[in-house]
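Listed below are the residues making up each chain.
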Amino acid sequence: MSLNLVLAQIILLVLGLIGVSTAEPSMIPDHASKVVMALLVTLALSRLRPKAFLNMGTVVWAVTLLLLALVLVFGVGTEISPGVKRWLRIGGQQFQPSEFAKLGLILQLASFFARRGVQHKLLSATLMIGFSTILVLLEPDLGSTLLIFSLGLVLMYAAGVKLNNIGGLLLGIGLIALPFASIYLERHPYILARIQGHTKAGDAVGITQIGLAHRDLGYGGFWGMGPDGPRYEYFAAHTDMIVASVGFSVGLLGVTLLIFAYWLVVSAALQVAEMASRVRPMTPQVHGASILATGAMYMVVAQAFVNLAVAAGMFPVTGVPLPLVSYGFSSMLTMSAALALIHSALREVRRHLPAEDQEEAEAGEQGTAPGAVPELGAGAAATD
């Protein structure tokens, strides 16, 4: 296993425990048990080879599509948003299928491109992305929709699809979707209200959810006030706004450590892509491993970026949790599985390197050798 990834996961989970203990102390036993389960999930799945993930890609993706369809019929909302269906409740437990849909899309597209290459496969891949995206859009969950759609584009690029083809795809989808945008916003007026409320709040934050989060971050200072410091309660302090709870408790030092942990995830995935570009001849397993690692990295880091941007007041409130930090088992489980994909891909790609390159890669992971920043799509040349 990658020590950097293990360190990143432990940092994020510990900061999550601190944030939850600051915002909702009564939830600590439940959250702590989920942290242990998350670590076990990463440990167990990381032992699998990428070939196993690629083989199960279509089945997992199909199951996630079924779950997303069931949400539209049997889904439940919350007291805050009863008209929004995003969760399924089974046996007294509820989970969010859109979180699993991201993982399913990664496995399916990685399997598809590894087996068939990228030439003349743009339409098929677009339909796969479209099925996952539209089902989430209908819940409605615009934040997750944008993340899943952008994830699909990143997977295309990682597989080797040219940027001009991706740009043409974006233009075409934009032209098709434009006439339906006003209808969608009319049916779900809360989305437009959030956007308009965000632009108004930008002039004067005031006593709002974002304003209270900013105050907590400011009170935390450099070292923080500790989990039991005096603070006011506000909505989603243990979920969407948990970074404010972390900042209040452990200050700027803790927030910096959190961002550093996400950078370790990026670094590990870039290392996979860089090593894959040196494997000759490129095999479907290595190509698929590179796509898996890049997709898993984007799944974690893009969601973290959106969550932190919301807390900073840059984006409207989206309801996207902070990966491996926020309270909530659906996100924590899928993000732990995503890290396992990177662990597995690292081991697989290193196995195919020449002996001298293997030693260099191991040294680079430990930080004793400089690593180049690769082009994510570089590994696809042999499959075109």
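Rules behind the numbers
- Residues numbered from 1 in each chain as written.
- Predicted model: local features only at pLDDT ≥ 70, side-chain atom pairs only at ≥ 80, totals over all residues.
- Heavy atoms only, no water.
- Helix = DSSP H or I, 4+ residues; strand = E, 2+ residues; numbered from the N terminus.
- Buried < 20%, exposed > 50% of the residue type's maximum accessible area, 1.4 Å probe, protein only.
- Contact = heavy atoms within 4.5 Å.
- Areas by Shrake-Rupley, 256 points an atom, 1.4 Å probe, with all protein chains shown as cover.
- Patch = residues over 30% accessible without salt bridge, like charges linked within 9 Å, V, L, I, M, F, W, Y side chains within 5 Å.
- Salt bridge = Lys/Arg side-chain N within 4 Å of Asp/Glu carboxyl O.
- Core = buried A, V, L, I, M, F, W, Y, C linked by side-chain atoms within 4.5 Å.
- Axes fitted to C-alpha atoms, helices over the stretch in contact; angles between N-to-C directions.
- Parallel < 35°, antiparallel > 145°, perpendicular 65-115°, else oblique.
- Left-handed = near helix turned anticlockwise from the far one by under 90°.
- Nonpolar A, V, L, I, M, F, W, Y, C, P; charged D, E, K, R; others polar.
- pLDDT = per-residue confidence, 0-100.
- Phe/Tyr/Trp six-rings, centres within 6.5 Å; stacked < 30°, edge-to-face > 60°.
- Lys NZ or Arg CZ within 6 Å of the ring centre and 35° of its normal.

## Digging into the overall build of the protein chain
Summing up its helical and strand segments, the protein chain has 14 helices and two strands in all. Scored against the burial criterion, the 384 residues of the protein chain give a buried share of 51%. Contacts spanning at least 24 positions in sequence make up 74% of the contacts within the protein chain whose residues lie at least 6 apart. Split by element, the accessible area of the protein chain, about 17,400 Å² in all, is 68% carbon and sulfur.

## A closer look at a nonpolar patch on the surface
A contiguous nonpolar patch, built from M1, V36, L40 and L43 and spanning about 370 Å² of accessible area, is present on the exposed surface. Summarising the element assignment, L43 is placed in helix α2 (residues 28–46). A residue is classified by how much of its surface remains accessible, and L43, at 43% relative accessible area, is partly exposed.

## Things to note about the nonpolar core
Ranked by internal contacts, the top residues of the largest apolar core, which has 95 residues, are F113, M156 and I342. Considering each element in turn, this core owes the most residues, 17 residues, to helix α11 (residues 242–276). In contact with F113, other than residues within four places in its own chain, are V118, K121, A125, L155, M156, A159, V161, H287 and I291.

## Observations concerning the environment of A101
Locating A101 in the fold gives a position in helix α5 (residues 97–116). Taking C-alpha positions, A101 is 9.4 Å from T334, a pair spaced 233 residues apart along the chain. With residues near it in sequence (within four places) discarded, A101 still touches T64, L68 and I148.

## Some points on the packing of helix α6 (residues 122–137) against helix α8 (residues 163–187)
Each pair of packed helices can be described by the angle between their axes along with the distance between the axes. Interaxial distance between α6 and α8 falls to 13 Å at its minimum, and their mutual angle equals 30 degrees. The pairing of α6 with α8 is recorded here as roughly parallel in orientation. As for the relative orientation of α6 and α8, their crossing is right-handed in sense. Of α8, the residues touching α6 (which contributes L122, T126 and L137) are N165, L169, I173 and Y184. Residue composition of the contact of α6 with α8, grouped by class: five nonpolar, two polar and no charged.

## Observations regarding the pattern of salt bridges
On inspection of all chains with the given rule, the structure shows six salt bridges. Between E99 and K102 there is a salt bridge whose closest N-O contact spans 3.4 Å. Of this pair, E99 and K102 both sit in helix α5, three residues apart, which is roughly one turn of the helix. With a relative accessible area of 2%, E99 lands in the buried category. Judged by relative accessible area, which is 3%, K102 ranks as buried. Among the ionic pairs, R231 bridges to D216, the shortest N-O distance being 2.8 Å. With R231 in the loop between α10 (209–220) and α11 and D216 in helix α10, this residue pair connects regions lying 15 residues apart in the sequence.

## What about the confidence of the model for the protein chain?
Averaged over every residue, the pLDDT of the protein chain is 87; the share at 70 or more is 87%. Here residues 368–384 is a poorly scored stretch, pLDDT under 50, and it has 31 contacts once near neighbours within four places are set aside; other chains count.

## Comments concerning the environment of L153
By the secondary structure assignment, L153 is in helix α7 (residues 142–159). Under the relative-accessibility criterion, L153 is labelled buried at 13%. Separated by 27 residues in sequence, L153 and T126 place their C-alpha atoms 8.8 Å apart. Excluding residues within four positions of it along the chain, L153 makes contact with I129, I166, L169 and L170.

## Looking at the packing of aromatic side chains
According to the stated counting rule, one finds four aromatic pairs in the structure shown. Centroid distance F95 to F100: 6.0 Å. Interplanar angle 85 degrees. Geometry classified as edge-to-face. Ring geometry for F222 against W223: centres 4.8 Å apart, planes inclined by 80 degrees, an arrangement best described as edge-to-face. Among the residues examined, F222 registers a relative accessible area of 44% and is labelled partly exposed. Residue W223 is classed as exposed on the basis of its relative accessible area of 64%. Directly above the aromatic system of F248 lies the positively charged group of R231, at a separation of 5.7 Å from the ring centroid.

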